[in-house]
There are 4 protein chains.
Amino acid sequence: MSNPSHVVRFRVRYSDTDQMKTYYNARVLEWFELGRNELIRALGKPYRLWENEGVRLPVCEAHIQFDGMAEYDDLLKLTSTLSMPSRARFRFDSRVVQDATGAPVCHGYTIHAVVDTLGRPMRPPAWMVALAGIELK
Amino acid sequence: MSNPSHVVRFRVRYSDTDQMKTYYNARVLEWFELGRNELIRALGKPYRLWENEGVRLPVCEAHIQFDGMAEYDDLLKLTSTLSMPSRARFRFDSRVVQDATGAPVCHGYTIHAVVDTLGRPMRPPAWMVALAGIELK
Amino acid sequence: MSNPSHVVRFRVRYSDTDQMKTYYNARVLEWFELGRNELIRALGKPYRLWENEGVRLPVCEAHIQFDGMAEYDDLLKLTSTLSMPSRARFRFDSRVVQDATGAPVCHGYTIHAVVDTLGRPMRPPAWMVALAGIELK
Amino acid sequence: MSNPSHVVRFRVRYSDTDQMKTYYNARVLEWFELGRNELIRALGKPYRLWENEGVRLPVCEAHIQFDGMAEYDDLLKLTSTLSMPSRARFRFDSRVVQDATGAPVCHGYTIHAVVDTLGRPMRPPAWMVALAGIELK
């Protein structure tokens, strides 16, 4: 499959935990953000530059499945994959597993609109569509 | 309809915002938590007591639709509704709108397993099932 | 003493806890923000309007003493007091206790510069200085 | 000087920003946590193992000076230094600068008590005191 994909590893921070001794559910969306940020950087043009060119990718939908525990300081492996479900939508699929064992932690996706600096929907520029088709190893 | 439902109002905190000048996406899951916490309290037995009796309701699935902006200090109205999609699952539907105008901000749901203090799935006690059927005004 | 002071009550959220089963340290600064936000509102002109008039109060210094535990769902009482240690500085002293017992949870302060929309230091407008001298009951 | 010191680099996340387009103040305490976590790991015994041996280092005091802006995706350099101001206290001094320019972002410290699993103050074990005296490059 030709969708660009990227892996980052990170540790569960103390601030990610709650009193159930696993990660607090909302933190997953921060992890997903980390993953798509680094995927976009790997494509060759950091998201910050996208914003500088007047493009925003606000999240319009998010879904998470919580598959297993992850404790403070566990090393996690997050794989992010980019696709375009329609001409005006970006989708990032995210999967987090324990780096040591591969045990699933959580997975899900975020769907993003493409809007201009005033928040109005816009057709993605050609360079964005081209990036979404790049195959990363 | 007989599912218990509850409304809380709260303001967008500065800490909820990000540089797009609206609420950061992960914060919604903290709002949803606030809503279900107060719904459970309104049912007559705060969630803290559920945990004291050895029951946990970890989130196993979450879904969010982002419907509109909400700025710092906006007063929001969050409606939470409880249902049981199966014998061993609780579901909270959450809807956030601008309190002044009713303009939609976001909505979604969380699905919760019922587990014991060791994290093992358990049949919900009868009092929990009874609470889930209570009709609140 | 004539410095304006204000009280808010709030509950410890699940998202405020960490695996030590008390509040995570960084969350205190969000609580302090909540307190000063409501103090400023009680003075008669919400901070949002301050920003609309081109004034920003970025935090330039923060100090926290952690005095005791607070568990999920504990009802806390936060007292905020405003003063002006110099012509161009606002200071908020914050004190959090258990509402039920008065047991100390944490206290501290934040010191704020007064800057314009470009981040440049500015003399506080007269209305701001007047507000800082108001005595609230 | 003989106090152990350690450097980590990290990027400002979108979730770290607020509507002033710089990092939100509370996030600094999460960064400081990241720094001391990696400093402790570099000493040879991750903090998780400290907790496994029945020792906790709750923060009892925190201080932050906010020195300058940092925008989303900026690469920051955080230097953490460990010292023992008394027999029963650990102190971490933290300094964050822009990695590219050295421009100051924030600095401060956290002071930590040494307590057992019941939260009672305890004398730090000899291995902890020895670690605090190790000189890292």
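Keep in mind the model is a prediction, meaning the values are calculated, not measured.

### What about the sheet that holds strand E3 (residues 75-86) of chain B?
Then, number 1: The strand order across the open sheet built from ten strands is E1(A)-E3(A)-E4(A)-E5(A)-E2(A)-E2(B)-E5(B)-E4(B)-E3(B)-E1(B), with neighbouring strands paired in antiparallel fashion. The outermost strands of the open sheet, each flanked by one partner alone, are strand E1 (5-11) of chain A together with strand E1 (5-11) of chain B. Neighbour-to-neighbour, the strand axes of this sheet turn through a mean angle of 15 degrees, independent of strand direction.
Then, number 2: Bridge analysis of E1(B) against E3(B) gives seven bridges, and the strand direction is antiparallel. Looking at the pairing, B:His6 lines up with B:Ser80 of E3(B).
Then, number 3: Sheet strands touched by helix H1 (residues 27-42) of chain A: E1, strand E2 (59-66), strand E3 (75-86), strand E4 (89-98) and strand E5 (104-113) of chain A. Its angle to E1(A), the strand with the most contacts, is close to 135 degrees.
Then, number 4: Strand contacts of helix H1 (residues 27-42) of chain B: E1, strand E2 (59-66), E3, strand E4 (89-98) and strand E5 (104-113) of chain B, with the helix running at about 135 degrees to E1(B), the strand carrying the most contacts.

### Focus on the interface of chain D and chain B
Then, number 1: On the chain B side, the residues contacting the nine residues of chain D number nine residues.
Then, number 2: Its residues assigned to classes, the side of chain D that touches chain B comprises four nonpolar, three polar and two charged.

### Description of the interface of chain B and chain A
Then, number 1: Listed per partner, the contact involves 15 residues of chain B and 15 residues of chain A.
Then, number 2: Among the elements of the structure, H1 and E2 of chain B are those that each provide at least two residues to the side of chain B that touches chain A.
Then, number 3: Considering every element that reaches the side of chain B that touches chain A, the biggest residue donor is E2(B), with eight residues.
Then, number 4: By residue class, the composition of the side of chain B that touches chain A is nine nonpolar, three polar and three charged.
Then, number 5: Bridge analysis of E2(A) against E2(B) gives five bridges, and the strand direction is antiparallel. Of the residues in E2(B), the one forming a bridge with A:Gln65 is B:Glu61.

### Some thoughts on the pairing of E2(A)
Then, number 1: As paired elements, E2(A) and E5(A) share seven bridges and run antiparallel to each other. Looking at the pairing, A:His63 lines up with A:Tyr109 of E5(A).

### Brief notes about the environment of D:Asp18
Then, number 1: Among the secondary structure elements, D:Asp18 is positioned in the loop between strand E1 (5-11) and helix H1 (27-42).
Then, number 2: Under the C-beta neighbour-count criterion, D:Asp18 is labelled buried, with 23 such atoms within 10 Å.
Then, number 3: Distance from D:Asp18 to D:Ala130, taken between C-alpha atoms, is 41 Å for residues 112 residues apart in sequence.
Then, number 4: Dropping the residues within four chain positions of it, D:Asp18 is found in contact with B:Tyr14, B:Ser15, B:Thr17, B:Asp18 and D:Tyr24.

### Section: the confidence of the model for chain A
Then, number 1: Here chain A shows a mean pLDDT of 94. Residues at 70 or above account for 97%.
Then, number 2: Both scores are given for the predicted complex: the pTM is 0.96, the ipTM 0.94.

### Details of H1(A)
Note: α-helices contain 3.6 residues per turn, so residues at a spacing of three or four share the same orientation.
Then, number 1: Compared with the 22 Å implied by 1.5 Å per residue over 16 residues, the 23 Å span of H1(A) between its first and last C-alpha is a close match.
Then, number 2: Buried residues of H1(A): A:Arg27, A:Val28, A:Leu29, A:Trp31, A:Phe32, A:Glu33, A:Gly35, A:Arg36, A:Asn37, A:Leu39 and A:Ile40, and no others.

### Observations concerning the relation of the copies chain D and chain B
Then, number 1: Overlaying chain D on chain B yields an RMSD of 0.0 Å, the required transformation being a rotation through 180 degrees with an accompanying axial translation of 0.0 Å. Given the turn and translation reported, the copies of this chain are related as if by a two-fold rotation axis.
Then, number 2: Counting the interface residues of chain D, we find that 100% of their copies in chain B are interface residues as well, pointing to one common contact surface.

### Focus on unusual backbone geometry
Then, number 1: The backbone phi angle of B:Asp73 is positive, close to 80 degrees, even though this residue is not glycine.
Then, number 2: Considering the arrangement of structural elements, one finds B:Asp73 in the loop between E2 and E3.
Then, number 3: Given 18 C-beta atoms within 10 Å, B:Asp73 falls into the partly exposed group.
Then, number 4: The backbone phi angle of D:Lys21 is positive, close to 70 degrees, even though this residue is not glycine.
Then, number 5: Structurally, D:Lys21 can be placed in the loop between E1 and H1.
Then, number 6: Classification of D:Lys21 by C-beta neighbours within 10 Å gives partly exposed; the count is 14.

Thresholds, definitions, all that
- Residues numbered from 1 in each chain as written.
- Chains lettered and ligands numbered in written order.
- Predicted model: local features only at pLDDT ≥ 70, side-chain atom pairs only at ≥ 80, totals over all residues.
- Pairing = 2+ DSSP bridges.
- Helix = DSSP H or I, 4+ residues; strand = E, 2+ residues; numbered from the N terminus.
- Axes fitted to C-alpha atoms, helices over the stretch in contact; angles between N-to-C directions.
- Contact = placed C-beta atoms within 7 Å.
- Nonpolar A, V, L, I, M, F, W, Y, C, P; charged D, E, K, R; others polar.
- Buried ≥ 20, exposed ≤ 12 C-beta atoms within 10 Å, placed from the backbone.
- pLDDT = per-residue confidence, 0-100.
- Expected span 1.5 Å × (residues − 1).
- Least-squares fit on C-alpha atoms with pLDDT ≥ 70 in both.

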